[in-house]
Amino acid sequence: SYSFVDIDKIIENREGSSINNIFKNKSEAYFRKLENDISLQEIKKQNSVISLGGGAFQNKSIRRAIKSTAISFWLDVNTEELTKRLKKAKKRPLLFKKNINEVVNKIYLERKKTYNEADFRIRCSFLKPNVIVKKILKLYENSNN
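Peer 1: Tell me about the overall build of the protein, and name the residues and values.
Peer 2: Helix and strand content of the protein: seven helices and four strands. Helices and strands appear in the protein in the N-to-C order β-α-α-α-β-α-β-α-α-β-α. The globule rule puts the C-alpha radius of gyration for 145 residues at 15 Å, and the 16 Å found for the protein is close to it. Judged by the C-alpha coordinates and their principal axes, the protein covers about 45 × 35 × 25 Å. Classification of the 145 residues of the protein by burial places 34% in the buried group. Counted over contacts in the protein with a minimum sequence separation of 6, partners at least 24 positions apart contribute 63%. If you sum the accessible surface of the protein, you get close to 9,900 Å²; carbon and sulfur atoms cover 52% of it. Here the protein contributes 31 positive and 16 negative side-chain charges, whose respective centroids are spaced 2 Å apart.

Peer 1: Before we move on, could you go through the packing of helix 1 (residues 7-15) against helix 3 (residues 28-43) and cite the residues and values that matter?
Peer 2: It is the contact of helix 1 with helix 3, at a shortest axis distance of 10 Å, that shows an interaxial angle of 115 degrees. Crossing hand, helix 1 versus helix 3: right-handed. Packed against helix 1, whose contacting residues are Ile 7, Asp 8, Ile 10, Ile 11, Arg 14 and Glu 15, the element helix 3 presents Tyr 30, Phe 31, Leu 34, Glu 35, Ile 38, Ser 39, Gln 41 and Glu 42 at the interface. When its residues are assigned to classes, the contact of helix 1 with helix 3 shows seven nonpolar, two polar and five charged.

Peer 1: Talk me through a nonpolar patch on the surface; I want residue IDs and the actual numbers.
Peer 2: A cluster of nonpolar side chains, contributed by Tyr 2, Phe 4 and Val 49, occupies part of the molecular surface with about 320 Å² of accessible area. Looking at the element boundaries, Tyr 2 is found in the segment before strand 1 (3-6). Assessed through its relative accessible area of 40%, Tyr 2 is described here as partly exposed.

How each quantity is defined
Residues numbered from 1 in each chain as written. Predicted model: local features only at pLDDT ≥ 70, side-chain atom pairs only at ≥ 80, totals over all residues. Heavy atoms only, no water. Helix = DSSP H or I, 4+ residues; strand = E, 2+ residues; numbered from the N terminus. Rg over C-alpha atoms; globule rule 2.2 N^0.38 Å. Buried < 20%, exposed > 50% of the residue type's maximum accessible area, 1.4 Å probe, protein only. Contact = heavy atoms within 4.5 Å. Areas by Shrake-Rupley, 256 points an atom, 1.4 Å probe, with all protein chains shown as cover. Lys, Arg positive; Asp, Glu negative; His and termini not counted. Charge placed at Lys NZ, Arg CZ, Asp CG, Glu CD. Axes fitted to C-alpha atoms, helices over the stretch in contact; angles between N-to-C directions. Left-handed = near helix turned anticlockwise from the far one by under 90°. Nonpolar A, V, L, I, M, F, W, Y, C, P; charged D, E, K, R; others polar. Patch = residues over 30% accessible without salt bridge, like charges linked within 9 Å, V, L, I, M, F, W, Y side chains within 5 Å. Salt bridge = Lys/Arg side-chain N within 4 Å of Asp/Glu carboxyl O.

What follows is the structure in structure tokens.
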């Protein structure tokens, strides 16, 4: 019965533009400010599942708000699997026209320490989505008891 909120989609809808175009035409700093404001607004709401973009949890304000009011899950995927998935993606501005293997490894290593601050880590590389959902639900229900 919870609503699902995708922060990146909210940003794209509000801006009438893709994240790629926002990065290209207005800057990463502009995007991060929107991401911060919208994320903090959505985190205050009750009964929702929020999908943050990959860099959002790096933001101290967002991370602090999540830690104080929510339960967080790091859906961890190894860099090989990430690279395989992201080779097909056209909507990742930090990967655009770059050596994907190198950039994915660099970003993963930079973010791993912060991602470890999530309440739960689920290693998802070889799991089907329905198994991941069951794990999330079980962890969530156990944390509320």
